[in-house]
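Letter by letter, the chains look like this.
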Amino acid sequence: CIMPLHHPAFTLGKSDFSLSLCTGMNAAVRAVVRVGIFTGAKVYFVHEGGTVIGSARCQDFRTREGRLKAARNLVKRGITNLCVIGGDGSLTGANTFQAEWSSLLVELVKTGGVTAEEAKNSSHLNIVGMVGSIDNDFCGTDMTIGTDSALHRIMEIVDAITTTAQSHQRTFVLEVMGRHCGYLALITALACGADWVFIPESPPEDDWEEHLCRRLIETRGRGSRLNIIIVAEGAITKQGQPITSEDIKNLVVKRLGYDTRVTILGHVQRGGTPSAFDRILGSRMGVEAVMALLEGTPDTPACVVSLSGNQAVRLPLMECVQVTKDVTTAMNERRFDDAVKLRGRSFQNNWNVYKLLAHVRPPSTKSGYNLAVMNVGAPASGMNAAVRAAVRIGLIHGHKMLAVHDGFDGLAHGQVEEIGWGGVGGWTGLGGSKLGTKRTLPKKYLEEISATISSFNIHGLIIIGGFEAFTGSLELVEGRGKYEELCIPVCVIPATVSNNVPGSDFSIGADTALNTITTTCDRIKQSAAGTKRRVFIIETMGGYCGYLATMAGLASGADAAYIFEDPFTIRDLQVNVEHLCEKMKTTVKRGLVLRNEKCNENYTTDFIFNLYSEEGKGIFESRKNVLGHMQQGGTPTPFDRNFGTKMGAKSVAWLTGKIKEYSRHGRIFANTADSACLLGMRRRSLVFQPLAELEEQTDFEHRLPKQQWWLKLRPILKILAKYKADLDTSEKAHLEHITHKGVPAEANI
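On a predicted model such as this, the values are computed, not experimentally measured, just so you know.

What counts, and at which threshold
Counting of residues starts from 1 at the beginning of each chain's written sequence and follows it residue by residue. Totals for whole chains, interfaces and linings use all residues, but because this is a predicted model, local features are given only for residues with pLDDT of at least 70 and pairs of side-chain atoms are given and counted only at 80 or more. Only heavy atoms go into the side-chain values, all of them from the structure, while hydrogens and water stay out. To define a nonpolar core, start from buried Ala, Val, Leu, Ile, Met, Phe, Trp, Tyr and Cys residues and group those joined through side-chain atoms within 4.5 Å. Burial classes: relative accessible area under 20% of the type maximum marks a residue as buried, over 50% as exposed, and values in between as partly exposed (1.4 Å probe, protein chains only). We count a stretch as a helix when DSSP gives it H or I for four or more residues in a row; a strand needs E for two or more, and each element gets its number in order from the N terminus. Think of it this way: DSSP has to see at least two bridges between two strands before they count as a pair. Lines fitted to C-alpha atoms define the axes here, with helix axes fitted over just the stretch in contact, and angles between the N-to-C directions of these axes take values from 0 to 180 degrees. Residue contacts are counted whenever heavy atoms from the two residues lie within 4.5 Å of one another. Pairing of aromatic side chains requires ring centres within 6.5 Å, counting the rings of Phe and Tyr and the six-membered ring of Trp. Pairs whose planes differ by under 30 degrees are stacked, by over 60 edge-to-face, and all others tilted. As annotated, the domain borders come from an automatic or database domain assignment.

Enquirer: Got a sec to walk through the nonpolar core? Specific residues and values, please.
Expert: F198, I229 and Y547 are the most contacted members of the largest nonpolar core, which has 154 residues in total. Among the elements that line this core, the one with the most residues is helix α9 (residues 276–294), at 11 residues. Residues V75, C320, V323 and M331 belong to the second largest nonpolar core, which totals 38 residues.

Right under this line is the structure:
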């Protein structure tokens, strides 16, 4: 492979000193290799450096002699850029390697290991790291590659155990990985509504045994037939003594006499198929790593590519390593509050939400306010988690919580009832909508809705749903001029598989649908493993929004994804067919093409199938599959459960503040633009945006936001499928500092 002079060779290695494999790494490897080749670089693998290239703990690299050998191997091949995928051990070693690089070259020239000319041509070494760890224990990134997949494995087991626990009225103690980090345990507890969680960063109070037993008795007293306790393997007391799953089991059996079982998940958490999130994260981070390497200069410090909210960022590697070490130091010194803070705002917010939902009970003194919760539009997995969080946080604030059944239709016809703490028990892991949901819009029922709001004395409204929830809320705001009862604070939480609600990068339910599509694509591709020479055309949902088709294409390694937002012609279809014909000459004799359901009214799924069948005669066979409503079903993924929980909790905190702000002499009168908002994930944080502002950013004809962040990932899809494309680097990450990159803390929940 010949490389241009301005693009030196770089090497890809997983030189792993302290970390075993994690799923999602192969996606990162694939992205680095293909984007590297695309940019004109020459790419090398370092084998055994899991992954397809192998992973190993290298004791030699801990010594200077071992690093001298490594330096010589790189210099002899003209490699001046190194991409390392691993944990803090790997990345610390890589940083040491870069720091010593100049002295290593001097020593190699002196001993004859390399020539002076070779040393001159390799005078500096650029290093970029990507963090692969299921524990999510590396500071500076919200999510490490492999964490989401591990959560999928854990939740599959938790859901199965929940079924048997309910049948036999048992208590289950589940131990998950995390010797020094409680992220897996914490998110699992949020995602399954556990009664208790033990994490190393925040040990329980000294009287935790009495508190735990009291909690289990309360849960059983409310009619629950099961108790779930999650334990991180590194859980400790405030004195630093280990808390084991067996200790907890013995405590529950001895004091309460409950039938209690222990399940230690072990290495099952490391394996399995990577989730859609990890595949896309690995691909995005891989592309960013290549860009960082090729933009590197002799003065560029070793950096790590991280995820902050929904944005790729570059951080100095040693700053991240140091803060990660600071967490361990804080725990060793019993400064547990500092340990939680050092983990970052994402971890801290998750911990705060968990503590509220698990450890705080509704006050005896009520606020006097009534909040209503409803679902609107098509069902989306994760809706129930959002409702549960909203109801319970509302009760903790002292509010009376009302459940509205069947959307705006139910609100118009008075289908409203009070809902208590136990009324939403076990909802977190349920798909669909327990409240019932319809697509009915409120405009022609405003009088009836106003009467219902007055009758039930509703002071605030949480609307969880898709595009209909957004447009319906706009109609409610429009009706404020005629109906004073509609002048109450309104919060919209986007929940739709299509991910087409303006004001949010993600919608509740989209991740579950994306994983369903990706898993189906995997199985369909696998079906061609024996027959070969087959191309599959798969139709996805999404209306006019191509999010599912694009992201599923990126996650499943598709050859093309046809969407409405990226218009295509018959010539483009011809190019795709020709590309697949060439692909059939390689070792990979199968193709995958995704089509969004409304991408083009003329180039239908049948048309594309017939075209591919005709043009591919004698070269490949074509098959088609319309996935349909299976994309709306299933149990929610860990991401959607956690996302829904945080959105529900945050919406109530905001509504509570707005109700107090607009309360005058016992009446609520909210008619300003900022009293009706949508809560969405925007780049790095959750933000409330007035519906009136979002209205201007919306294409109502096609039910789409006018600007969609994921369209910038389309070129990556094409490049990874080996097409020629222009890579969009308009929003490339710049080097930041971990101490300065923080976003203002979330509002108190």
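From this point, the discussion proceeds with the structure in view.
Enquirer: Can you explain the sheet that holds strand β17 (residues 534–540)? Please cite residues and give values.
Expert: Read across the open sheet, the 4 strands follow the order β18-β19-β17-β20; overall the sheet is parallel. The open sheet is flanked by β18 (560–562) and β20 (621–626), the only strands paired with a single partner. Pairs of neighbouring strands in the sheet enclose a mean axial angle of 20°, with direction left out of account. Looking at chain direction, β17 and strand β19 (residues 590–596) are connected through 7 bridges and run parallel. Paired with R534 across the bridge in β19 is R590. Here helix α18 (residues 547–556) sits on the sheet and contacts β17, β18 and β19; the angle it forms with β19, its principal contact strand, is near 160°.

Enquirer: I'd like a description of the environment of V252, backed by residues and values.
Expert: Mapping V252 onto the fold places it in helix α8 (residues 245–256). As for V252 and P363, which are separated by 111 residues in sequence, their C-alpha atoms are 27 Å apart. Not counting the four nearest positions on each side in its chain, V252 is found in contact with T171, L216, I229, G257, Y258 and T260.

Enquirer: Please give an account of the packing of aromatic side chains that cites residues and values.
Expert: In this description, an aromatic ring pair is defined by two values, namely the gap between the centres and the angle between the planes. A complete count under the given rule lists 18 aromatic pairs for this structure. Judged by centre distance (6.0 Å) and plane angle (70°), the rings of F467 and F700 are edge-to-face. In this pair, F467 is assigned in helix α16 (residues 467–478) and F700 in the loop between β25 (698–699) and β26 (704–705), connecting sequence segments 233 residues apart. By relative accessible area, which is 3% here, F467 ends up buried. An aromatic cluster of three or more residues is present, and its members are F277, F506, F639, F643 and W709.

Enquirer: Residues and numbers for the domain arrangement of the chain, please.
Expert: Per the domain assignment, the segments making up the chain are domain 1 (2–144 + 274–326), domain 2 (147–270), domain 3 (373–500 + 639–669) and domain 4 (510–632). Summarising the inter-unit geometry, the C-alpha centres of domain 1 and domain 3 are found 48 Å apart.

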